[in-house]
Amino acid sequence: MSKLPQRKGRNTVAIITMILLFGMISFVTNLAAPVGNIWKHQPGIEGSNALGIMGNMMNFLAYLFMGIPAGRILNRRGSKKTILIAIGVGFSGVFIQFLSGIIGVGSSISEIPANYFVYLAGAFVSGFSVCMLNTVVNPMLTLLGGEKRGNQYIQMGGTCNSLMGTVTPILVGSLIGQITKDTFISDVNPVLYIAMGVFATAFIILSFIPLSDPEEIIADTKDVVSPLKYRHFVFGAAAIFVYVGVEVGIPGTLNFFLSDVSGKGGGLDPKTATAIAGFVEGTYWFMMFIGRLIGSMISGKVSSRAQLTTVTLVAMALVACAIFSPVSSKISMPVFTGSGFAMAKVPVSALLLACCGLCTCVMWGSIFDLAVRGLGKSTVLASGIFMTMVVGGGILPLVQNILADATSYMTSYWVVIAGLAFINWYAVRGSRPE
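Quick caveat: nothing in here was measured; it's all calculated off a predicted structure.

1. Quick look at the pattern of salt bridges
- In total, this model carries one salt bridge according to the counting rule given.
- Arg 373 is the salt-bridge partner of Asp 369, the closest N and O atoms lying 2.8 Å from each other.
- On the basis of relative accessibility, which here comes to 5%, the residue Asp 369 falls in the buried class.
- By relative accessible area, which is 33% here, Arg 373 ends up partly exposed.

See below:
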């Protein structure tokens, strides 16, 4: 009888730790879009959205190489050691990004700044870290919560994730101010110092926190059935690929759209465009924060399938309205301009896209929950495959921004519409086991 409270206490510590790690994942990942705005304006890159989003691409490309190995590390080493390894790798990745403001400055490779490639290397290493962290937190929360609370715990972690996603672009946007060709990566050094400090502090604290793994985490995988034999998991992995691309593509391209003062963007004042773009992008993540906060309270009562079906339909309606809304059609909204809060006129399409955060907020948890049902000890292996498919967060936004370069920002959002349609199909049909 005395062992039950102790076990319950350990579970509580594990759940809280996993939720906080969700926040770290978002902080590192969401540096890509606002920092990419700096690179867009550098000589040799000059306005290319595809090259601007490449840091995001490298961050997510790491999942392709690290997803399955991360699952194996988790299975062999357990949660705590995997987390500590991931944090150490994350610190290294941010440090390499910091070095991009020192190494190769003033030189070029094929007319592209040499330090740009140092930055991409740092983004790639950071991707290894967030991949490993994601590999830990998702199965841990799912297994600790069980069928009734697994999705709810993931939504709670997503709430922390969205909170950090809200803060990051606002912080970077206000720090950078107006972006010109004379703006350098070193201008965001304070943010990188914060990131390295967070990693170092987390490593020290977590070294002393006891974490107990569910029995499915450390298991003999010799007799475990491959999750690829489950139809609903295979389609779920594809849905995760598409979802992450949608989740990242909506705010990332929105940031580029609003900060673009060349006449192709949102028509904002060049002096405040970058700060406003960061704030509006942050609004998208704040909408996800609100949605996940609500989702964490209702997920135990409303099925994952019902949630996913509803939000994909609403999101498609919002994005379609944004595509057809004229850029000249403006609406006032409170924003942070870099020096303080004020009312600013932004395109109606920007507000509609920011509101999509209320829809994308529950998609990850719902897809993950539907895809791993009935997998048992195959859950950890499934999580590794899921992490590989997160590479969609790099590929789809890159495709979207190549299309934006060739046509227009709003036209590129048809990529998002197509992705949402597939996720809706998964909720209705693809998630049902044979």
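2. Details of helix 8 (residues 231–259)
- For helix 8, spanning 29 residues, the distance from its first C-alpha to its last is 43 Å, which sits close to the expected 42 Å at 1.5 Å a residue.
- Considering bend angle alone, the principal kink of helix 8 is centred on Gly 249 and spans about 30°; proline Pro 251 follows within four residues of it.
- Where burial is concerned, most of helix 8 is hidden: 25 out of the 29 residues are buried.

3. Considerations on helix 15 (residues 392–406)
- Given a rise of 1.5 Å per residue, 15 residues ought to cover 21 Å, and the 21 Å separating the end C-alpha atoms of helix 15 matches this to within 8%.
- Taken residue by residue, helix 15 has Gly 392, Gly 393, Gly 394, Leu 396, Pro 397, Leu 398, Gln 400, Asn 401 and Ala 404 as its buried positions.

4. Quick look at unusual backbone geometry
- Positive phi outside glycine occurs at Ser 110, with the angle close to 55°.
- Structurally, the position occupied by Ser 110 is in the loop between strand 1 (108–109) and strand 2 (112–113).
- Here Ser 110 falls in the exposed class, since its relative accessible area comes to 69%.
- The phi angle at Glu 111 is positive, at roughly 75°, despite the residue not being glycine.
- Of note, Glu 111 is situated in the loop between strand 1 and strand 2.
- When its relative accessible area of 65% is taken as the criterion, Glu 111 is described as exposed.

5. Topic: the confidence of the model for the chain
- The predicted model of the chain averages 84 in pLDDT, with 90% of residues at 70 or higher.
- The least confident element of the chain, judged by mean pLDDT, is helix 1 (residues 3–29) at 68; the most confident is helix 16 (residues 414–430) at 96.
- Between residues 1–6, whose pLDDT stays under 50, and residues either more than four places distant or in other chains, the model counts zero contacts.

Rules of the game
- Residues numbered from 1 in each chain as written.
- Predicted model: local features only at pLDDT ≥ 70, side-chain atom pairs only at ≥ 80, totals over all residues.
- Heavy atoms only, no water.
- Salt bridge = Lys/Arg side-chain N within 4 Å of Asp/Glu carboxyl O.
- Buried < 20%, exposed > 50% of the residue type's maximum accessible area, 1.4 Å probe, protein only.
- Helix = DSSP H or I, 4+ residues; strand = E, 2+ residues; numbered from the N terminus.
- Expected span 1.5 Å × (residues − 1).
- Bend = angle between axes of the 7 residues up to and from the residue.
- pLDDT = per-residue confidence, 0-100.
- Contact = heavy atoms within 4.5 Å.

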